[in-house]
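Secondary and tertiary structure notes
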Amino acid sequence: MPSHYLDHAATTPVRPEATAAWLAAPGGNASSVHATGRRARRVLEEAREEVADRLSVTASDVVFTSGGTMADNLAVRGIHAARTVADPTRDTIVVSAVEHHAVLDAAAAVPGARVHTLPVDEQGRVNTEHLADVLAAEAGRVSLVSVMSANNEVGTAQPIAEISAVCRSVGVPLHIDAVQSVGWWGAPPAEGVAFSVSGHKFGAPAGIGALVLPAGVPCQPLIVGGGQERKVHSGTLNVAGAAAMAAALAAALDSNLASGEPGTPLPQLRAELEAGVVAAAPEARIVGGGDRLPGVVSAVFDGCEADALLMLLDAAGIECSTGSACTAGIPEPSHVLAAMGADPATARSALRFSLGWTSTRADVEALVDALPEAVARARRASARQSGRRTSRRLSGTAV
Ligand code: PLP
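Predicted, not measured: the structure shown is a model, and the values here were computed from it.

Let's shift gears to the domain arrangement of the chain. When the domains of the chain are assigned, the result is domain 1 (4-10 + 258-395) and domain 2 (16-254). The C-alpha-based centres of domain 1 and domain 2 are spaced at 29 Å. Tallying the contact residues gives 25 residues for domain 1 and 25 residues for domain 2. Of the roughly 2,000 Å² buried between domain 1 and domain 2, counting both surfaces, carbon and sulfur atoms make up 59%.

Set out below in C-alpha coordinates:
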(Lines give C-alpha, C1' and ligand atoms only; values in the text may rest on other atoms or scores of the structure.)
Protein backbone atom coordinates (compact mmCIF):
# COMPACT_ATOMS: atom_id res chain seq x y z
CA MET A 1 0.00 0.00 0.00
CA PRO A 2 1.56 3.34 -0.97
CA SER A 3 1.66 5.78 1.89
CA HIS A 4 0.29 9.28 1.60
CA TYR A 5 2.46 11.84 3.31
CA LEU A 6 0.42 14.62 4.89
CA ASP A 7 3.05 15.79 7.37
CA HIS A 8 5.07 18.40 5.46
CA ALA A 9 4.99 20.82 8.39
CA ALA A 10 7.01 18.25 10.38
CA THR A 11 9.51 17.94 7.56
CA THR A 12 9.17 18.05 3.80
CA PRO A 13 11.01 15.75 1.37
CA VAL A 14 14.41 16.94 0.21
CA ARG A 15 14.12 18.80 -3.10
CA PRO A 16 16.24 17.61 -6.03
CA GLU A 17 17.85 21.05 -6.24
CA ALA A 18 19.02 20.66 -2.64
CA THR A 19 20.37 17.16 -3.25
CA ALA A 20 22.31 18.42 -6.28
CA ALA A 21 23.77 21.34 -4.33
CA TRP A 22 24.67 19.06 -1.43
CA LEU A 23 26.44 16.57 -3.70
CA ALA A 24 28.26 19.33 -5.61
CA ALA A 25 29.56 21.02 -2.43
CA PRO A 26 33.30 20.62 -1.96
CA GLY A 27 34.86 19.07 1.10
CA GLY A 28 37.13 21.07 3.34
CA ASN A 29 36.80 23.32 6.34
CA ALA A 30 35.55 26.76 5.36
CA SER A 31 37.84 28.31 7.99
CA SER A 32 41.04 26.77 6.56
CA VAL A 33 43.28 29.17 4.70
CA HIS A 34 44.52 26.73 2.03
CA ALA A 35 42.94 26.30 -1.39
CA THR A 36 40.56 23.53 -0.27
CA GLY A 37 39.36 25.69 2.61
CA ARG A 38 38.95 28.69 0.34
CA ARG A 39 36.86 26.63 -2.09
CA ALA A 40 34.60 25.58 0.77
CA ARG A 41 34.40 29.17 2.02
CA ARG A 42 33.39 30.40 -1.46
CA VAL A 43 30.50 27.91 -1.62
CA LEU A 44 29.44 28.81 1.91
CA GLU A 45 29.47 32.54 1.18
CA GLU A 46 27.58 32.03 -2.08
CA ALA A 47 24.96 30.12 -0.11
CA ARG A 48 24.80 32.95 2.43
CA GLU A 49 24.34 35.48 -0.40
CA GLU A 50 21.56 33.43 -1.96
CA VAL A 51 19.71 32.99 1.35
CA ALA A 52 20.10 36.71 2.09
CA ASP A 53 18.97 37.68 -1.39
CA ARG A 54 15.87 35.49 -1.16
CA LEU A 55 15.04 36.92 2.26
CA SER A 56 15.91 40.52 1.31
CA VAL A 57 18.43 40.86 4.13
CA THR A 58 22.13 41.68 4.27
CA ALA A 59 24.33 38.61 3.79
CA SER A 60 26.39 39.35 6.89
CA ASP A 61 23.18 39.18 8.97
CA VAL A 62 22.73 35.48 8.15
CA VAL A 63 24.14 33.29 10.93
CA PHE A 64 24.08 29.62 9.94
CA THR A 65 22.88 27.27 12.66
CA SER A 66 22.03 23.58 12.88
CA GLY A 67 18.31 24.30 12.46
CA GLY A 68 15.29 26.11 13.84
CA THR A 69 15.67 24.97 17.45
CA MET A 70 19.25 26.26 17.56
CA ALA A 71 18.24 29.55 15.93
CA ASP A 72 15.34 30.04 18.38
CA ASN A 73 17.53 29.27 21.39
CA LEU A 74 20.28 31.56 20.18
CA ALA A 75 17.83 34.41 19.62
CA VAL A 76 15.84 34.10 22.84
CA ARG A 77 18.67 33.32 25.21
CA GLY A 78 21.40 35.24 23.41
CA ILE A 79 19.45 38.49 22.94
CA HIS A 80 18.11 38.31 26.50
CA ALA A 81 21.64 37.79 27.85
CA ALA A 82 23.08 40.68 25.86
CA ARG A 83 20.28 43.01 26.93
CA THR A 84 20.46 42.11 30.64
CA VAL A 85 24.23 42.53 30.65
CA ALA A 86 23.72 46.05 29.30
CA ASP A 87 20.81 46.74 31.66
CA PRO A 88 20.10 44.26 34.49
CA THR A 89 16.56 45.61 35.00
CA ARG A 90 15.55 44.09 31.63
CA ASP A 91 14.62 40.73 33.12
CA THR A 92 11.43 39.94 31.19
CA ILE A 93 10.98 37.92 28.00
CA VAL A 94 7.62 38.30 26.25
CA VAL A 95 6.39 35.33 24.20
CA SER A 96 3.04 34.32 22.76
CA ALA A 97 1.19 31.35 24.25
CA VAL A 98 1.30 29.45 20.94
CA GLU A 99 5.06 29.51 20.36
CA HIS A 100 6.91 26.31 19.53
CA HIS A 101 8.66 24.67 22.47
CA ALA A 102 11.98 25.77 20.98
CA VAL A 103 10.98 29.29 22.05
CA LEU A 104 8.83 28.56 25.11
CA ASP A 105 11.32 26.20 26.71
CA ALA A 106 14.29 28.40 25.77
CA ALA A 107 12.63 31.34 27.55
CA ALA A 108 11.68 29.20 30.54
CA ALA A 109 15.26 27.92 30.82
CA VAL A 110 16.84 31.37 31.24
CA PRO A 111 17.97 31.61 34.88
CA GLY A 112 16.33 34.53 36.69
CA ALA A 113 14.17 35.62 33.75
CA ARG A 114 10.49 36.45 34.07
CA VAL A 115 8.45 35.16 31.15
CA HIS A 116 5.33 37.09 30.18
CA THR A 117 3.01 35.00 28.02
CA LEU A 118 0.69 36.80 25.61
CA PRO A 119 -2.76 35.24 25.23
CA VAL A 120 -4.21 34.55 21.77
CA ASP A 121 -7.75 34.66 20.41
CA GLU A 122 -9.72 31.60 19.31
CA GLN A 123 -7.90 31.60 15.97
CA GLY A 124 -4.52 31.71 17.65
CA ARG A 125 -3.69 35.37 16.99
CA VAL A 126 -1.92 37.77 19.32
CA ASN A 127 -3.71 41.05 19.96
CA THR A 128 -1.35 43.87 19.01
CA GLU A 129 -3.02 46.42 21.31
CA HIS A 130 -2.63 44.04 24.21
CA LEU A 131 1.06 43.68 23.35
CA ALA A 132 1.41 47.49 23.37
CA ASP A 133 -0.28 47.59 26.82
CA VAL A 134 2.06 44.92 28.16
CA LEU A 135 5.13 46.75 26.87
CA ALA A 136 3.86 49.98 28.44
CA ALA A 137 3.12 48.28 31.77
CA GLU A 138 6.49 46.55 31.74
CA ALA A 139 8.37 49.61 30.46
CA GLY A 140 12.11 49.21 30.96
CA ARG A 141 11.85 45.55 31.98
CA VAL A 142 11.44 43.73 28.66
CA SER A 143 14.59 42.30 27.05
CA LEU A 144 12.89 40.98 23.92
CA VAL A 145 9.60 39.89 22.39
CA SER A 146 9.42 36.57 20.53
CA VAL A 147 6.38 35.84 18.36
CA MET A 148 6.19 33.32 15.52
CA SER A 149 5.20 34.31 11.99
CA ALA A 150 2.83 31.36 11.63
CA ASN A 151 1.91 28.51 13.91
CA ASN A 152 3.12 24.99 13.21
CA GLU A 153 -0.01 23.24 14.55
CA VAL A 154 -2.87 25.31 13.20
CA GLY A 155 -1.14 27.47 10.58
CA THR A 156 -2.44 30.80 11.90
CA ALA A 157 -0.30 33.76 10.85
CA GLN A 158 0.46 36.54 13.34
CA PRO A 159 0.10 40.26 12.50
CA ILE A 160 3.87 40.55 12.28
CA ALA A 161 4.07 43.99 10.66
CA GLU A 162 1.98 45.51 13.48
CA ILE A 163 3.79 43.56 16.20
CA SER A 164 7.08 44.77 14.80
CA ALA A 165 5.88 48.40 14.74
CA VAL A 166 4.79 48.17 18.39
CA CYS A 167 8.15 46.72 19.46
CA ARG A 168 10.07 49.29 17.42
CA SER A 169 8.11 52.16 18.96
CA VAL A 170 9.42 51.22 22.42
CA GLY A 171 12.88 50.10 21.30
CA VAL A 172 12.45 46.43 22.26
CA PRO A 173 14.04 43.85 19.92
CA LEU A 174 11.63 41.43 18.23
CA HIS A 175 12.53 37.85 17.37
CA ILE A 176 10.29 36.01 14.93
CA ASP A 177 10.23 32.23 14.71
CA ALA A 178 9.69 32.13 10.94
CA VAL A 179 10.48 28.42 10.66
CA GLN A 180 7.10 27.45 9.21
CA SER A 181 6.58 30.40 6.90
CA VAL A 182 9.90 31.21 5.24
CA GLY A 183 9.64 28.52 2.54
CA TRP A 184 6.21 29.85 1.55
CA TRP A 185 6.34 33.58 2.04
CA GLY A 186 10.02 34.49 2.32
CA ALA A 187 11.06 36.89 5.08
CA PRO A 188 8.45 38.07 7.59
CA PRO A 189 7.17 41.60 6.88
CA ALA A 190 9.33 43.46 9.39
CA GLU A 191 12.57 45.42 9.07
CA GLY A 192 15.59 45.05 11.29
CA VAL A 193 14.27 42.08 13.28
CA ALA A 194 15.87 38.74 14.11
CA PHE A 195 14.19 35.67 12.63
CA SER A 196 14.72 31.92 12.63
CA VAL A 197 14.89 29.70 9.56
CA SER A 198 14.99 25.90 9.31
CA GLY A 199 16.09 24.24 6.06
CA HIS A 200 14.24 20.95 6.40
CA LYS A 201 10.88 22.72 6.43
CA PHE A 202 11.31 23.75 2.79
CA GLY A 203 13.31 20.97 1.19
CA ALA A 204 16.86 20.98 2.54
CA PRO A 205 18.10 18.06 4.62
CA ALA A 206 17.64 18.39 8.41
CA GLY A 207 20.60 19.85 10.28
CA ILE A 208 20.88 23.30 8.71
CA GLY A 209 19.11 26.54 9.50
CA ALA A 210 19.87 30.17 10.16
CA LEU A 211 19.22 33.02 12.52
CA VAL A 212 18.91 36.27 10.64
CA LEU A 213 20.50 38.62 13.15
CA PRO A 214 20.69 42.25 12.04
CA ALA A 215 23.90 43.97 13.10
CA GLY A 216 22.03 46.31 15.47
CA VAL A 217 20.46 43.48 17.50
CA PRO A 218 22.72 42.56 20.42
CA CYS A 219 23.19 38.83 21.00
CA GLN A 220 25.58 36.83 23.14
CA PRO A 221 26.79 33.44 21.94
CA LEU A 222 25.38 30.36 23.66
CA ILE A 223 28.30 28.21 22.63
CA VAL A 224 31.87 29.34 22.27
CA GLY A 225 34.82 27.86 20.46
CA GLY A 226 36.38 28.78 17.14
CA GLY A 227 34.48 32.07 16.82
CA GLN A 228 32.76 31.22 13.54
CA GLU A 229 29.69 33.13 12.37
CA ARG A 230 30.64 36.55 13.76
CA LYS A 231 31.65 34.86 17.04
CA VAL A 232 27.96 34.40 17.78
CA HIS A 233 27.75 30.71 16.84
CA SER A 234 30.99 28.74 16.94
CA GLY A 235 31.52 25.38 15.27
CA THR A 236 32.86 24.09 11.95
CA LEU A 237 30.51 25.20 9.24
CA ASN A 238 28.13 22.88 7.41
CA VAL A 239 29.05 23.91 3.86
CA ALA A 240 27.05 21.24 2.04
CA GLY A 241 24.04 21.94 4.27
CA ALA A 242 24.22 25.68 3.62
CA ALA A 243 24.46 25.10 -0.14
CA ALA A 244 21.50 22.71 0.01
CA MET A 245 19.45 25.15 2.08
CA ALA A 246 20.12 28.01 -0.35
CA ALA A 247 19.09 25.82 -3.29
CA ALA A 248 15.97 24.57 -1.48
CA LEU A 249 14.91 28.09 -0.51
CA ALA A 250 15.32 29.34 -4.07
CA ALA A 251 13.35 26.39 -5.44
CA ALA A 252 10.62 26.74 -2.80
CA LEU A 253 10.10 30.46 -3.39
CA ASP A 254 10.36 30.14 -7.19
CA SER A 255 7.74 27.38 -7.24
CA ASN A 256 5.18 29.93 -6.06
CA LEU A 257 3.04 27.07 -4.79
CA ALA A 258 1.46 29.28 -2.16
CA SER A 259 0.53 32.26 -4.27
CA GLY A 260 -3.08 31.98 -3.15
CA GLU A 261 -4.37 32.84 -6.60
CA PRO A 262 -7.50 30.91 -7.52
CA GLY A 263 -6.66 27.67 -9.30
CA THR A 264 -3.08 27.52 -8.02
CA PRO A 265 -2.25 24.06 -6.85
CA LEU A 266 -1.78 24.27 -3.12
CA PRO A 267 -4.59 26.55 -1.92
CA GLN A 268 -6.90 24.55 -4.16
CA LEU A 269 -5.74 21.24 -2.69
CA ARG A 270 -6.09 22.59 0.83
CA ALA A 271 -9.66 23.70 0.14
CA GLU A 272 -10.40 20.19 -1.17
CA LEU A 273 -8.78 18.65 1.89
CA GLU A 274 -10.85 20.75 4.30
CA ALA A 275 -14.08 20.08 2.44
CA GLY A 276 -13.21 16.38 2.20
CA VAL A 277 -12.48 16.06 5.92
CA VAL A 278 -15.77 17.69 6.90
CA ALA A 279 -17.72 15.60 4.38
CA ALA A 280 -16.07 12.34 5.51
CA ALA A 281 -16.42 13.10 9.22
CA PRO A 282 -19.31 15.54 9.65
CA GLU A 283 -18.53 16.10 13.34
CA ALA A 284 -15.00 17.28 12.49
CA ARG A 285 -14.27 20.96 12.84
CA ILE A 286 -11.48 22.85 11.13
CA VAL A 287 -9.46 24.90 13.60
CA GLY A 288 -7.76 28.25 12.99
CA GLY A 289 -8.66 30.82 10.43
CA GLY A 290 -7.79 34.16 8.90
CA ASP A 291 -4.37 34.28 7.30
CA ARG A 292 -2.89 30.82 7.49
CA LEU A 293 0.01 28.80 6.18
CA PRO A 294 -1.08 27.48 2.79
CA GLY A 295 -0.45 23.82 3.55
CA VAL A 296 -1.75 23.33 7.09
CA VAL A 297 -5.16 21.99 8.04
CA SER A 298 -5.89 21.35 11.70
CA ALA A 299 -9.11 19.54 12.57
CA VAL A 300 -10.66 18.36 15.82
CA PHE A 301 -12.61 15.11 15.90
CA ASP A 302 -14.92 15.20 18.92
CA GLY A 303 -15.13 11.92 20.78
CA CYS A 304 -11.78 10.65 19.41
CA GLU A 305 -8.32 10.53 20.92
CA ALA A 306 -6.05 11.94 18.21
CA ASP A 307 -3.35 9.37 19.01
CA ALA A 308 -5.71 6.50 18.22
CA LEU A 309 -6.92 8.20 15.07
CA LEU A 310 -3.35 8.84 13.97
CA MET A 311 -2.44 5.15 14.35
CA LEU A 312 -5.56 4.00 12.50
CA LEU A 313 -4.84 6.41 9.65
CA ASP A 314 -1.22 5.31 9.61
CA ALA A 315 -2.35 1.70 9.26
CA ALA A 316 -4.39 2.86 6.26
CA GLY A 317 -1.31 4.51 4.74
CA ILE A 318 -2.05 8.10 5.74
CA GLU A 319 0.73 9.93 7.56
CA CYS A 320 -0.19 12.99 9.60
CA SER A 321 0.42 14.24 13.11
CA THR A 322 -1.29 15.18 16.34
CA GLY A 323 -0.90 18.46 18.16
CA SER A 324 -0.44 16.71 21.44
CA ALA A 325 2.75 15.68 23.12
CA CYS A 326 2.92 12.35 24.89
CA THR A 327 4.23 12.53 28.43
CA ALA A 328 4.82 9.17 30.12
CA GLY A 329 2.34 7.49 27.78
CA ILE A 330 -0.45 9.96 28.59
CA PRO A 331 -1.41 12.24 25.71
CA GLU A 332 -1.16 15.86 26.83
CA PRO A 333 -3.53 18.32 25.19
CA SER A 334 -1.86 20.65 22.71
CA HIS A 335 -0.78 23.89 24.40
CA VAL A 336 -1.68 25.71 21.18
CA LEU A 337 -5.29 24.56 21.13
CA ALA A 338 -5.57 25.07 24.89
CA ALA A 339 -4.40 28.68 24.42
CA MET A 340 -7.04 29.07 21.71
CA GLY A 341 -9.67 28.13 24.27
CA ALA A 342 -10.23 24.44 23.48
CA ASP A 343 -11.16 22.21 26.41
CA PRO A 344 -8.69 19.39 27.15
CA ALA A 345 -10.74 16.65 25.44
CA THR A 346 -11.09 18.72 22.26
CA ALA A 347 -7.42 19.66 22.37
CA ARG A 348 -6.58 15.94 22.58
CA SER A 349 -8.68 15.20 19.50
CA ALA A 350 -6.78 17.36 17.01
CA LEU A 351 -4.96 16.11 13.94
CA ARG A 352 -2.80 18.20 11.65
CA PHE A 353 -2.70 17.41 7.94
CA SER A 354 -0.02 19.37 6.15
CA LEU A 355 0.53 19.63 2.42
CA GLY A 356 3.75 20.46 0.62
CA TRP A 357 5.57 20.48 -2.65
CA THR A 358 5.06 16.76 -3.40
CA SER A 359 1.36 16.67 -2.41
CA THR A 360 -1.17 15.47 -4.95
CA ARG A 361 -4.91 15.11 -5.18
CA ALA A 362 -4.42 11.36 -4.64
CA ASP A 363 -3.09 12.11 -1.12
CA VAL A 364 -6.20 14.09 -0.28
CA GLU A 365 -8.52 11.48 -1.77
CA ALA A 366 -6.82 8.69 0.16
CA LEU A 367 -7.34 10.60 3.41
CA VAL A 368 -10.98 11.27 2.64
CA ASP A 369 -11.51 7.56 1.82
CA ALA A 370 -9.82 6.33 5.00
CA LEU A 371 -11.30 8.85 7.42
CA PRO A 372 -14.86 7.55 8.05
CA GLU A 373 -13.78 4.10 9.21
CA ALA A 374 -10.81 5.43 11.20
CA VAL A 375 -13.01 8.00 12.99
CA ALA A 376 -15.69 5.39 13.77
CA ARG A 377 -13.10 2.99 15.22
CA ALA A 378 -11.29 5.72 17.19
CA ARG A 379 -14.58 6.87 18.62
CA ARG A 380 -15.53 3.31 19.69
CA ALA A 381 -12.09 2.89 21.31
CA SER A 382 -12.43 6.19 23.12
CA ALA A 383 -15.93 5.30 24.38
CA ARG A 384 -14.66 1.90 25.62
CA GLN A 385 -11.76 3.61 27.40
CA SER A 386 -13.87 6.20 29.12
CA GLY A 387 -16.26 3.37 30.13
CA ARG A 388 -13.30 1.54 31.67
CA ARG A 389 -12.12 4.73 33.40
CA THR A 390 -15.61 5.29 34.83
CA SER A 391 -15.91 1.71 36.14
CA ARG A 392 -12.39 1.91 37.62
CA ARG A 393 -13.33 5.14 39.35
CA LEU A 394 -16.60 3.62 40.54
CA SER A 395 -14.94 0.46 41.86
CA GLY A 396 -12.32 2.71 43.49
CA THR A 397 -14.97 4.54 45.46
CA ALA A 398 -16.90 1.35 46.28
CA VAL A 399 -14.09 -0.48 48.08
N1 PLP B 1 9.75 26.47 15.33
C2 PLP B 1 8.68 26.00 14.70
C3 PLP B 1 7.49 26.87 14.51
C4 PLP B 1 8.68 24.69 14.20
O5 PLP B 1 7.61 24.22 13.58
C6 PLP B 1 9.84 23.88 14.42
C7 PLP B 1 9.86 22.48 13.97
O8 PLP B 1 8.90 21.77 14.07
C9 PLP B 1 10.94 24.44 15.07
C10 PLP B 1 10.86 25.74 15.52
C11 PLP B 1 12.19 23.66 15.29
O12 PLP B 1 12.92 23.58 14.08
P13 PLP B 1 14.00 22.43 13.82
O14 PLP B 1 13.25 21.17 13.60
O15 PLP B 1 14.74 22.86 12.60
O16 PLP B 1 14.88 22.37 15.02
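After that view, the rundown keeps rolling.
Looking now at the site of the ligand. Within the structure, the ligand sits among 13 residues, and Gly68, Thr69, Asp177, Ser198 and Lys201 are positioned closest to it. Here a nitrogen atom of the ligand sits 2.6 Å away from a polar atom, N or O, in the side chain of Asp177. When the ligand sits alone it has 400 Å² of accessible area, and the protein chains cover 85% of it. In terms of residue count, the dominant contributor to the shell around the ligand is helix α3 (residues 68-86) (3 residues).

A word on the packing of helix α1 (residues 16-24) against helix α8 (residues 239-255). Relative orientation of the contacting elements α1 and α8 amounts to 155°, with a least axis distance of 7 Å. Regarding the angle of α1 to α8, the classification is roughly antiparallel. Seen from above, α1 lies across α8 with right-handed handedness. Contacts between α1 and α8 involve Glu17, Ala18, Ala21 and Trp22 from the first element and Ala240, Gly241, Ala243, Ala244, Ala247, Ala248 and Ala251 from the second. Across the contact of α1 with α8, the residue classes tally to 9 nonpolar, 1 polar and 1 charged.

Moving on, we come to the pairing of strand β7 (residues 194-198). On any regular strand, side chains alternate: one points to one face of the sheet, the next to the other face. The buried count for β7 comes to 5 of 5 residues, which makes it a mostly enclosed element. Side-chain alternation along β7 places Ala194, Ser196 and Ser198 on one buried face and Phe195 and Val197 on a second face that is also buried. Alignment of strand β6 (residues 174-177) against β7, held across 3 bridges, turns out to be parallel. Directly across from Asp177, in β7, lies its bridge partner Ser196.

Residues Phe64, Leu131, Val145, Phe195 and Met245 are the most contacted members of the largest nonpolar core, which totals 59 residues. Looking at this core element by element, the count peaks at 9 residues for α8. Each of domain 1 (4-10 + 258-395) and domain 2 (16-254) contributes no fewer than three residues to this core. The residues touching Met245, leaving out its near neighbours within four places in the chain, are Val51, Phe64, Val197, Gly199, Phe202, Ala204, Ile208, Gly209 and Ala210. Residues Leu269, Val297, Ala306 and Leu313 belong to the second largest nonpolar core, which totals 29 residues.

This brings us to the side chain of Ser164. Its location among the elements puts Ser164 in helix α6 (residues 160-169). Beyond its immediate sequence surroundings of up to four residues, Ser164 is in contact with Leu174, Ala190 and Val193.

What the 7 strands build is an open sheet, ordered β2-β8-β7-β6-β5-β3-β4; its pairing is mixed. Only two strands of the sheet have a single partner each, and these edge strands are β2 (62-65) and β4 (114-118). When strand polarity is set aside, the average angle formed by the axes of neighbouring strands in this sheet is 20°. Pairing of β7 with strand β8 (residues 209-212) involves 4 bridges; the strand directions are antiparallel. Residue pairing across strands places Phe195 opposite Val212, the latter belonging to β8. The sheet strands contacting helix α5 (residues 128-137) are β3 (92-96), β4 and β5 (142-146), and the helix crosses β4 at an angle near 155°.

Calculation rules
- Residues numbered from 1 in each chain as written.
- Predicted model: local features only at pLDDT ≥ 70, side-chain atom pairs only at ≥ 80, totals over all residues.
- Heavy atoms only, no water.
- Domains from an automatic or database assignment.
- Contact = heavy atoms within 4.5 Å.
- Buried area = accessible area lost by both parts, 1.4 Å probe.
- Near = heavy atom within 4 Å.
- Polar contact = N/O pair within 3.5 Å; in protein donor to acceptor, adjacent residues only side chain to side chain.
- Areas by Shrake-Rupley, 256 points an atom, 1.4 Å probe, with all protein chains shown as cover.
- Helix = DSSP H or I, 4+ residues; strand = E, 2+ residues; numbered from the N terminus.
- Axes fitted to C-alpha atoms, helices over the stretch in contact; angles between N-to-C directions.
- Parallel < 35°, antiparallel > 145°, perpendicular 65-115°, else oblique.
- Left-handed = near helix turned anticlockwise from the far one by under 90°.
- Nonpolar A, V, L, I, M, F, W, Y, C, P; charged D, E, K, R; others polar.
- Buried < 20%, exposed > 50% of the residue type's maximum accessible area, 1.4 Å probe, protein only.
- Pairing = 2+ DSSP bridges.
- Core = buried A, V, L, I, M, F, W, Y, C linked by side-chain atoms within 4.5 Å.

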